[in-house]
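Each chain, letter by letter, is given below.
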Amino acid sequence: ISPKAIVSDACASYATLDKLNGVVKPALDDLTTTTDFFSHYRLNLFNKKCPFWDDENGMCGNIACAVETLDNEEDIPEVWRSSELGKLEGPVAKHPGRRVQKTDRPLQDGLGADVGESCVFEYDDECDERDYCVPEDESAASKGDYVSLLRNPERFTGYSGFGASQIWDAIYRENCFQRSSFPHSAALGQSSNGAPFGGPAVEDLKQVLEAAGRQQVLEQMRETHPNAPFVAQTGLEAQDECLEKRVFYRVISGMHASISTHLCWDFLNQTTGQWQPNLACYVSRLHSHPDRISNLYFNYALVARAVAKLGPYLQGEGGSERYTFCTGDPSQDADTRAKVLAVTEGAASEPRLFDESLMFKNGEGPSLKEDFRNRFRNVSRVMDCVGCDKCRLWGKLQTAGYGTALKILFEFGGDADADGDGGGGEVDVPRLKRTELVALFNTYARISGSLAAIGKFRAMYEAQEASA
Ligand code: FAD
């Protein structure tokens, strides 16, 4: 990939994004590692059943999965086995529930002496139909667990085999958009000049469309009606090119690429017991698939744009209330706010990295948007099927983070100065939950770390090639 090349579907080159990351990464690292608010995440990690299949076989905590994931795992010291590596570290504090009184202080000594309770609890669990993710506590009796993200870094766990690939398969299957990606029946019934086609051929095709995947349909159309205007009219060829569907795929693939980057970068050498970068892992999973790296950079642009757009809202512009990070602790609140501002302003220093105004503008418009949102919610549900605690933690956090970015891009009305008077615009602003904010900024930090790691891997690869 040439650094000067533009990342497709984004409005920036690889070099621009790398440069931006050089500016934002220190602020992001500071925010996510030194503030209580952004270093703890609340999620329902253990109480949700996989809604899609019986997940017993996919659990890496069980011996069958552990044996499957690493050759001769029994020969490996127990601390290095995938079941051990995938376990959560550190205290996991229970959510106290909505009615907790401040005097209860249930987290004391739970999350560590220095953790400010007012920076950890969240009481507001309202759902919003504009959510791109399933709220963490949907239909669960428990309000979830608080987990320290610093104690549980995203890195190699050994989780692999059938369990992991089943999850990725299910996630990529959500990208099919089959029902709604079929052309509108109205479009099918018309010629390029708008006159109705009618007749049995179109009716037949409609039936085929309902019965088969779009690729088969396109092939059949090519064979039977090579130059028919309605082949173009239906937009079938353009389906794969459609921006919305491409964006959906790229978000998932970019997230997958980021997870791969982290596990390759923080890899356990099972011979020496050292945690270290694994160049061969990078080469096989990333370097030899430039599309995956491109999708990672695309995600950087998308999330950075969302973070930049969010900045003014957190400060109370755009008709929103100024966000309070740490209720009851003004000094922590001010400190956290200043660190958030450093990130949002850094992200905003490159204007318009992604143009969300181009999305959901075509004929399918609103129905496509709903489909997009529902599919993304399904991806977040699949995360409950991940059979390794640490992977599930980061998988859930990152889908929630991307879901929040998509919500900001597509559900927040315009810029904060929407009415153009230089002040805040009067727009309908969905309120973000604490978990959404924590997920968003930590997801941004994950992608930011991945870009930095890819840069270092590339240098290692070039050095290796030069010496060969
Ligand atoms: P996989 O990464 O499982 O990929 C499966 C297939 O998807 C590949 O064969 C390829 O065809 C395709 N593919 C791969 N990458 C991309 C991409 N970027 N875009 C498009 N297609 C792609 N393991 C850890 O060690 N640590 C973790 O923290 C961790 N977190 C995980 C979180 C989730 C949600 C899931 C599902 C898995 C996680 N895993 C983690 C497991 C890890 O992602 C791999 O599944 C595992 O390492 C096995 O890798 P693999 O080489 O079989 O290919």
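Thresholds applied
Residues numbered from 1 in each chain as written. Predicted model: local features only at pLDDT ≥ 70, side-chain atom pairs only at ≥ 80, totals over all residues. Helix = DSSP H or I, 4+ residues; strand = E, 2+ residues; numbered from the N terminus. Buried ≥ 20, exposed ≤ 12 C-beta atoms within 10 Å, placed from the backbone. Contact = placed C-beta atoms within 7 Å. UniProt positions renumbered as here; feature names shortened; annotations may be inferred. Near = placed C-beta within 6 Å. Nonpolar A, V, L, I, M, F, W, Y, C, P; charged D, E, K, R; others polar. Pairing = 2+ DSSP bridges. Core = buried A, V, L, I, M, F, W, Y, C linked by C-beta atoms within 7 Å. Expected span 1.5 Å × (residues − 1). Bend = angle between axes of the 7 residues up to and from the residue.

Chemist: Just checking my understanding: could you explain the overall build of the protein chain for this structure?
Modeler: Of the regular secondary structure elements, the protein chain holds 18 helices and 5 strands. Buried positions account for 41% of the 468 residues belonging to the protein chain. A separation threshold of at least 6 residues defines the contact pool for the protein chain, and within that pool the share at least 24 residues apart is 77%.

Chemist: Got a minute to help me understand the UniProt feature "binding site: FAD" (unreviewed entry) in the protein chain in this structure?
Modeler: The UniProt entry lists Arg155, Thr157, Trp168, Ser253, His256 and Arg285 under the feature "binding site: FAD" (unreviewed entry), expressed in the numbering used here. By secondary structure assignment, the location of Trp168 is in helix 5 (residues 161-173). In this fold, Arg285 is placed in helix 13 (residues 279-287). For Arg285, a count of 18 C-beta atoms within 10 Å puts it in the partly exposed group. Residues contacting Arg285, with those up to four places away along its chain left out, are Ser260 and Cys264.

Chemist: Any chance you could explain the site of the ligand here in plain terms?
Modeler: In the vicinity of the ligand lie 22 residues, with Ser160, Ala164, Ser253, Cys391 and Gly395 positioned nearest. Listed by contribution, the elements that provide at least two residues to the shell around the ligand are helix 5, helix 12 (243-265) and helix 17 (389-411). Sorting elements by how many residues they give to the shell around the ligand places helix 12 first, with 6 residues. Considered class by class, the residues forming the shell around the ligand number 12 nonpolar, 7 polar and 3 charged.

Chemist: Is there a simple way to explain unusual backbone geometry in this structure?
Modeler: For residues other than glycine, phi is negative in most cases, and the peptide bonds are mostly trans. Backbone geometry at Asp9 places phi at a positive 70°, although glycine is not the residue there. Mapped onto the elements, Asp9 comes out in the segment before helix 1 (14-34). The partly exposed category is assigned to Asp9, around which 17 C-beta atoms lie within 10 Å. Despite not being glycine, Arg352 has its phi angle at roughly 45°, a positive value. Within the secondary structure, Arg352 is located in the loop between helix 15 (330-348) and helix 16 (365-382).

Chemist: Looking at this structure, I do not really get the pairing of strand 1 (residues 40-43). What am I missing?
Modeler: Residues in a regular strand point their side chains to alternate faces of the sheet. Side-chain alternation along strand 1 places His40 and Arg42 on one buried face and Tyr41 and Leu43 on a second face that is also buried. In the sheet, strand 1 pairs with strand 3 (residues 145-148) via 4 bridges, with the strands oriented antiparallel. Its bridge partner lying in strand 3, Arg42 is registered against Tyr146.

Chemist: What am I meant to see in the nonpolar core here?
Modeler: If you look at the biggest cluster of nonpolar residues, it comprises 95 residues, and the most contacted ones within it are Ala301, Ala304 and Val307. Counting residues per element, this core draws most heavily on helix 14 (residues 290-314), which supplies 15 residues. Sequence-distant contacts of Ala304, defined by excluding residues within four places in its chain, comprise Leu20, Ala347, Leu353 and Tyr444.

Chemist: Even after reading the chapter, I still don't get the UniProt feature "active site" (unreviewed entry) in the protein chain, so can you show me in this structure?
Modeler: Here, UniProt's "active site" (unreviewed entry) annotation points to Cys388 and Cys391. The topology assignment puts Cys388 in the loop between helix 16 and helix 17. On the secondary structure map, Cys391 appears in helix 17. When the 24 C-beta atoms within 10 Å are taken as the criterion, Cys391 is described as buried.

Chemist: Looking at this structure, how should I read helix 1?
Modeler: Taking 1.5 Å of rise per residue, the 21 residues of helix 1 would be expected to cover 30 Å, and the 29 Å separating its terminal C-alpha atoms lies within 8% of that figure. The largest bend along helix 1 measures about 40° and falls at Val24, with the proline Pro26 one to four residues further on. For helix 1, the complete set of buried residues consists of Tyr14, Leu17, Leu20, Asn21, Val24, Ala27, Leu28, Leu31 and Thr32.

Chemist: Any chance you could explain helix 14 here in plain terms?
Modeler: Turn by turn, an α-helix covers 3.6 residues, leaving residues three or four places apart pointing in a common direction. The end-to-end C-alpha distance of helix 14, which contains 25 residues, comes to 36 Å, matching closely the 36 Å that a straight helix rising 1.5 Å per residue would cover. Along helix 14, 20 of the 25 residues are buried, which leaves the element largely enclosed by surrounding structure. Downstream of helix 14 by a residue or two, Gly316 has a phi angle that is positive, lying close to 95°.

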